[in-house]
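# Overview (structure and organization)
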Amino acid sequence: MGNQMKVIDYGRRKFTFSNGKKIVTSTSITEKSLASEDEEAFTERLMKKYGNQQGTIEIVFKGGRPEYAIITFQ
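Note that the structure is a prediction, hence the values are computed from the model and not measured.

### As for the nonpolar core
Counting 8 residues, the largest nonpolar core is built from I29, F42, L46, Y50, I59, A69, I71 and F73. Filtering out sequence-adjacent residues up to four positions away, I29 remains in contact with Y10, G11, Y50, A69, I70, I71 and F73.

### Observations regarding the packing of aromatic side chains
Applying the stated criterion across every chain, the model contains 1 aromatic pair. Seen from their ring centres, Y50 and F73 are 5.8 Å apart, and the 55° between their planes marks the pair as tilted. Note that Y50 is positioned in helix 1 (residues 39-50) and F73 in strand 4 (residues 65-73), a separation of 23 residues in sequence. Like Y50, the residue F73 is buried in the burial classification.

### Observations concerning the environment of I29
Residue placement: I29 occurs in strand 2 (residues 21-32). Once the C-alpha coordinates of I29 and D9 are considered, the two residues, 20 residues apart in sequence, prove to be 7.9 Å apart.

### Concerning the sheet that holds strand 3 (residues 56-62)
Working definition: the strands of a sheet are paired by backbone hydrogen bonds and lie parallel or antiparallel to each other. Ordered by their spatial adjacency, 4 strands build an open sheet running 1-2-4-3, and the pairing between neighbours is antiparallel. This sheet does not close on itself; its edge strands, each paired only once, are strand 1 (11-18) and strand 3. Along the sheet, successive strands turn relative to each other by an average axial angle of 20°, direction set aside. Two strands pair when backbone bridges link them, and strand 1 and strand 2 are joined in this way by 8 bridges, in the antiparallel orientation. Paired with S18 across the bridge in strand 2 is K21.

Here is what the cut-offs are and how they apply
Residues numbered from 1 in each chain as written. Predicted model: local features only at pLDDT ≥ 70, side-chain atom pairs only at ≥ 80, totals over all residues. Heavy atoms only, no water. Core = buried A, V, L, I, M, F, W, Y, C linked by side-chain atoms within 4.5 Å. Buried < 20%, exposed > 50% of the residue type's maximum accessible area, 1.4 Å probe, protein only. Contact = heavy atoms within 4.5 Å. Phe/Tyr/Trp six-rings, centres within 6.5 Å; stacked < 30°, edge-to-face > 60°. Helix = DSSP H or I, 4+ residues; strand = E, 2+ residues; numbered from the N terminus. Pairing = 2+ DSSP bridges. Axes fitted to C-alpha atoms, helices over the stretch in contact; angles between N-to-C directions.

The following block contains the structure:
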């Protein structure tokens, strides 16, 4: 059987396909901030969790505080 993909609780996975074969091109995970977190604390927690990988972090703000982040791995 092929490579097992990690389960994503909330996010998305992009594929390219050709001639019946698919290839994962990116995986995005969505993480909600905790009520007590400001931007610095939120990004620090995300770096502890995902910092050993390579990707991007996009933070969405609501009412001046971080609401959630989208972490994308290529």
